[in-house]
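Take a look at the letters that make up each chain.
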Amino acid sequence: MLSILWNNRIQVVAVVLFAVGLTTLLLHKNLLKKIIGLNIMDTASYLFLTSLGFIEGRLSPIVSGGNTDPALYVNPLPAGLVLTGIVVSVSVTAVILALSMRLYRRYRTLNLDEIYRMVHREQEEED
Amino acid sequence: MKKRKIREFLREWDEGNFDFTMETMGDLHQGPEDPGRLPPPDWKNQPLRKAEASEVKAFRALYPVLSVLLLVSVIGFLLITVLQLPPFNSADTPANTSEVIERYVAKGLTETGAVNIVAGIILDYRAFDTLGESHVLFTAVVAVMILLLLPEEEKENREEYRILHSDLILKNTARLLVPFILMFGVYIILNGHLGPGGGFSGGAVIGGGLILYAASFDRRRLQKVLNMNTYRLIVLAALSFYSLAKCNSFFCGANGLETIFTTGTPGAIFSAGLILPLNIAVGIVVSCTMYGFYAIFTRGRI
């Protein structure tokens, strides 16, 4: 079992990174740290995808000398998928950051517990 | 004469005509008050009521336990999945031997004309996906604008302006680097079908250069060229060009017609049919979007 884990160590690192990101996302109260955790999780999934397509000794998928033998190049598909993922994660991060800026302007804090408390109070006052 | 000028400038800068006290920095980072009812300032210090307190206590006690349980189970499942995976670096995995990938590599050059197979995949075989991506970026900018855009007639914060635009090192470094950064970005975009690169990476580089310029010089200089109206026009033009080009290839492909965009000789700069124009369109969208994010986040308008 350990040898399998050692052989797949890059995927293990991806899992560990994912866990680090998920821990940050779940256990921190600061919204900014939660966003950082989400980004670490994104990065972990990119690492996992690219590691699946990598084959040692093969060239990057840029045809050289008109040689189009599939056994000569690494898998080009994960690169395209990761590109999509990076773009989507940039957009999501920007929108979340904008939302937390609005929250900060309203409640003057990024601590989720305090924001919850204030929202609770607000609702009570309205009732 | 010139020497004295520089010395004077250096002394002014060194003595600090601006102060980095917490007050000015605080004003800079807090932004304007949100319109609407603000909570009373002493809310944070008020004690919790009884029902609320027990609720919060139960939540605070349960939440870490539940999240640790969830974390442990997620990591366990993921590690078990890693154990089942084929060994790293093996060429005969299903992911690496699928028909699609062999087709992409073996016929990509003749079918799309792109030397860079990845560019051929994302801008020819799967160009519809990339069109969606560009629209995701555009939608994100629109959402950020809805959330953070300030009215145009907001008066200028002189303090903020002075703090942001008086760094000598930043200015001179930017003066030296910005042209080369922009040139490199253009090279990456134009080279997208011939080698590593493409619209997304080149657009990000150009966006970085624009951000460096806007951060180190008077922002009104850049605003003359890239303001809200030109931003709208440029991004709209790029996105609609992309959509129309894809409409054209779908129509021609479905009806078996010849397109005017031929693959040309692979390796030449004007080759690979639509890939070069689409790369340029994507690069424009990405660079404008990156700069737009920076501008909206720092001062609330492009």
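Please read all numbers here as calculations on a predicted model, not as lab measurements.

Draft legend 1. Looking closely at the overall build of chain B. Of the regular secondary structure elements, chain B holds 13 helices and 0 strands. Overall, chain B shows an N-to-C arrangement of helices and strands of α-α-α-α-α-α-α-α-α-α-α-α-α. Expressed as a percentage of the 302 residues in chain B, the buried residues total 36%. For chain B, restricting intrachain contacts to residue pairs at least 6 apart in sequence, the fraction spanning at least 24 positions comes to 74%. Summed over all atoms, the accessible surface of chain B reaches about 17,800 Å², with 66% contributed by carbon and sulfur.

Draft legend 2. Structural context of the environment of L59 of chain A. Residue and element names in this part refer to chain A. Here L59 is to be found in the loop between α3 (31–53) and α4 (77–107). Of the residues examined, L59 reaches a relative accessible area of 41% and is grouped as partly exposed. Residues L59 and N75, spaced 16 residues apart in sequence, show a C-alpha to C-alpha distance of 9.6 Å. Beyond its immediate sequence surroundings of up to four residues, L59 is in contact with S64, L72, Y73 and V74.

Draft legend 3. The arrangement of the packing of helix α7 (residues 127–148) of chain B against helix α12 (residues 228–255) of chain B in detail. Residues and elements named next belong to chain B. For the pair α7 and α12, the least separation of the axes is 11 Å and the interaxial angle reads 160 degrees. Classed by the angle they form, the pair α7 and α12 counts as roughly antiparallel. With respect to the hand of their crossing, α7 and α12 are arranged in left-handed fashion. Two secondary-structure elements touch here, α7 through A127, F128, T130, L131, S134, H135, F138, V141 and M145 and α12 through M228, Y231, V235, L239, Y242, S243, K246 and F250. Per-class residue counts for the contact of α7 with α12 are 12 nonpolar, 4 polar and 1 charged.

Draft legend 4. Inspection of the interface of chain B and chain A at higher detail. Across the boundary between the two partners, chain B contributes 67 residues, which contact 67 residues of chain A. Buried surface at the junction of chain B and chain A, both sides included, amounts to about 6,400 Å², of which 67% is carbon and sulfur. Taken together, the connections running from chain B to chain A amount to 0 salt bridges. Our count for the chain B to chain A interface comes out at 7 residue pairs in polar contact (both at pLDDT 80 or more). Taken together, the elements giving at least two residues each to the side of chain B that touches chain A come down to α3 (50–84), α4 (94–97), α5 (99–112), α6 (117–125), α7 and α13 (275–299) of chain B. For the side of chain B that touches chain A, the element with the most residues is α3 of chain B, which contributes 14 residues. A per-class count over the side of chain B that touches chain A returns 46 nonpolar, 9 polar and 12 charged.

Criteria and thresholds
Residues numbered from 1 in each chain as written. Chains lettered and ligands numbered in written order. Predicted model: local features only at pLDDT ≥ 70, side-chain atom pairs only at ≥ 80, totals over all residues. Heavy atoms only, no water. Helix = DSSP H or I, 4+ residues; strand = E, 2+ residues; numbered from the N terminus. Buried < 20%, exposed > 50% of the residue type's maximum accessible area, 1.4 Å probe, protein only. Contact = heavy atoms within 4.5 Å. Areas by Shrake-Rupley, 256 points an atom, 1.4 Å probe, with all protein chains shown as cover. Axes fitted to C-alpha atoms, helices over the stretch in contact; angles between N-to-C directions. Parallel < 35°, antiparallel > 145°, perpendicular 65-115°, else oblique. Left-handed = near helix turned anticlockwise from the far one by under 90°. Nonpolar A, V, L, I, M, F, W, Y, C, P; charged D, E, K, R; others polar. Buried area = accessible area lost by both parts, 1.4 Å probe. Salt bridge = Lys/Arg side-chain N within 4 Å of Asp/Glu carboxyl O. Polar contact = N/O pair within 3.5 Å; in protein donor to acceptor, adjacent residues only side chain to side chain.

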